[in-house]
Amino acid sequence: MSDPRLNSLISRVIDQTATREETELLDELLNLNPEALTRYVQAVELHFNLESLGSAGSLESPQSPVLTPQNWKRWISTTSMAAGICVGLFAASLLQGYVQPRLQKNWVLFTENFESDPAPIASGVPQEPDHWSGDETRRTGSGPRVSPLNGHSMLQLVSADYQGKNAAAPSRTSSIWKLIDLRPYKSLCATGNFGVQLSAHFNAEPFEAPLQYMAYVSIHALDSETVRNGTLQDWKKLDSKALALNRGNRAVLDRDPRTWQRLNASLALPSPTDFLLLEIALKQTTPPDVPIQFGTQSIDGIRLILGRNSRLD
Amino acid sequence: MKTTADFVRLWTRHQTEVARYLATLVPNPHSAAEILQQVSVGLWEKWADYDPDRPFVPWAIRFAYFEVLKWRQKQARERLIFSDQTLENLHAAFENETPLQEARRAALEGCLKKLTPQEHRWLERRYGRGSLRSNAQEEGFSMNQVYYAMEQIRSRLLQCIQLCLKKEGWSDV
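Residues numbered from 1 in each chain as written. Chains lettered and ligands numbered in written order. Predicted model: local features only at pLDDT ≥ 70, side-chain atom pairs only at ≥ 80, totals over all residues.

### Some words on the overall build of chain A
Helix and strand content of chain A: 9 helices and 12 strands. Considering only intrachain contacts with a sequence separation of at least 6, the fraction spanning at least 24 residues in chain A is 78%. (Helix = DSSP H or I, 4+ residues; strand = E, 2+ residues; numbered from the N terminus. Contact = placed C-beta atoms within 7 Å.)

### Describing the interface of chain A and chain B
Contact residues are listed per partner, giving 43 residues for chain A and 42 residues for chain B. Among the secondary structure elements, those contributing two or more residues to the side of chain A that touches chain B are helix H1 (4–14), helix H2 (20–32), helix H3 (34–55) and helix H4 (69–85) of chain A. Looking at the side of chain A that touches chain B element by element, the count peaks at 15 residues for H3 of chain A. Here the side of chain A that touches chain B is built from residues that sort into 19 nonpolar, 18 polar and 6 charged. (Nonpolar A, V, L, I, M, F, W, Y, C, P; charged D, E, K, R; others polar.)

### Focus: the nonpolar core
Counting 58 residues, the largest nonpolar core has Leu22 and Ala64 of chain B as its most contacted members. For this core, the element with the highest residue contribution is H3 of chain A, accounting for 9 residues. The contacts of Leu22 of chain B, once residues within four sequence positions are left out, are Ala32, Ile35, Leu36, Ala64 and Val68 of chain B. Grouped together as the second largest cluster of nonpolar side chains are 48 residues, Leu182, Ala221, Trp260 and Leu263 of chain A included. (Core = buried A, V, L, I, M, F, W, Y, C linked by C-beta atoms within 7 Å. Buried ≥ 20, exposed ≤ 12 C-beta atoms within 10 Å, placed from the backbone.)

### Re the packing of helix H1 (residues 4–25) of chain B against helix H3 (residues 56–74) of chain B
Residue and element names in this part refer to chain B. Packing of H1 against H3 leaves a shortest axis separation of 10 Å and a crossing angle of 40°. As judged from the angle between their axes, H1 and H3 are oblique. As for how H1 packs across H3, the hand of that crossing is right-handed. Between H1 and H3, the contacting residues are Leu10, His14, Glu17, Val18, Tyr21, Leu22 and Leu25 on the first element and Phe56, Val57, Ala60, Ile61, Ala64 and Val68 on the second. (Axes fitted to C-alpha atoms, helices over the stretch in contact; angles between N-to-C directions. Parallel < 35°, antiparallel > 145°, perpendicular 65-115°, else oblique. Left-handed = near helix turned anticlockwise from the far one by under 90°.)

### Observations concerning the environment of His220 of chain A
Residue and element names in this part refer to chain A. Following the sequence through the fold, His220 ends up in strand S7 (residues 213–222). Spatially, the C-alpha atom of His220 lies 9.7 Å from that of Leu269, the residues being 49 residues apart in sequence. Residues within four places of His220 in sequence aside, it is in contact with Leu238, Ala242, Leu245, Leu276 and Leu277.

### Considerations on the pairing of strand S5 (residues 173–181) of chain A
Residue and element names in this part refer to chain A. Of all 9 residues that make up S5, 8 are buried, and the element is covered over most of its length. In this structure, strand S2 (residues 132–134) lies alongside S5, joined through 3 bridges in antiparallel fashion. Paired with Trp132 across the bridge in S5 is Lys178. (Pairing = 2+ DSSP bridges.)

### A closer look at the confidence of the model for chain A
Counting all residues, the mean pLDDT for chain A is 80, and 84% of those residues have values of 70 or more. Every residue in residues 62–104 of chain A is under pLDDT 50, and counting partners more than four places away or in other chains gives 69 contacts. (pLDDT = per-residue confidence, 0-100.)

The following block contains the structure:
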């Protein structure tokens, strides 16, 4: 059994791909939890042994087929399924009980600039952590007037629905969602002193009146039971099931394609928090007789940070 | 009487263990290699103080620990450096884990045999000879794909090693 998030962090430090923030986060975790410390020492030892075997030519397998990107995908999908079976229920609890919240800074849990990963899956609210999912979107480069906030790509909202959506009428809100597993940080949540802040940037190609859009971001704090019992599928009930929620500030989307509007939402984490459900949304707020129009509005530069409540605002 | 030959013999035999220790405390391999050099020079300078009735490795590792602290003070602003408290914790954890290192190494051999040929291929790409980046580029993989595969395989190997040790009756796993 293993905690995927901790393993990933350790792996990134070993492979020298960790950012400064990630290294500092691991540093904190190694102080909070002796079992994380042991796991790190054993992981470095394994890495070292593999390096020794590799330089001696002892890792070669006579039947090794040459991997191609095609069968890599097959391999990854099998491996991910196996990993998913043991989604860190055991190791998530490793970090509990060693409450020495020494975090002095805010920690970036993720940033998303839509540079390399595929566009979110168009299947509504996600049921599994760490994947964007929602209404129909596409990853694009610069448009006629709008350029990505960061890098070369951004996410374009194509519609306010997705195929197979069970709805009586077409939606006027185009959303993407992400479920975040916070169980590795449970010991911090338990103190009641920590929270998260979600931010995202919105922009659009010029659009004429009467079209008008309202952007917002939201955070729901959830316990494991709510995630397990299928409440996410009936997301309209989510507000009443959430331990806490914040829809942050809202803003009418401006008509200037040169400006990216930033929206934030912060949430103090109640102690039973196991998961967060993040939503980045744009709602068409015109009268009902105006046709719904999406396809030229974009999202970029999403970031989620964890920190002491006093340092988040 | 301790001779130069005694030092060379002990250092040659045990420097891998000191290198492994340094890799634990200092994630950057170039920095770790630099400190390893300092340690070898430092140990030679202190060779006269070494008590041959005591084991060499703990003496060398203790010395290496202080070399890491000295190096850390100089590099305090550099990225990817653990705090003093973490270094101290890692030092203690490394010492706790030392008795089972050999058992884990032996278990690794068996666990490697359980990997699929494709997983072996990933390991060769990451740990084998040749440049990782050029190997990946030639075969059309991004570095992210290689690192993700490594994360999965190392995680499987660690689980397998742990199971092996448990089956063999090691009590503290």
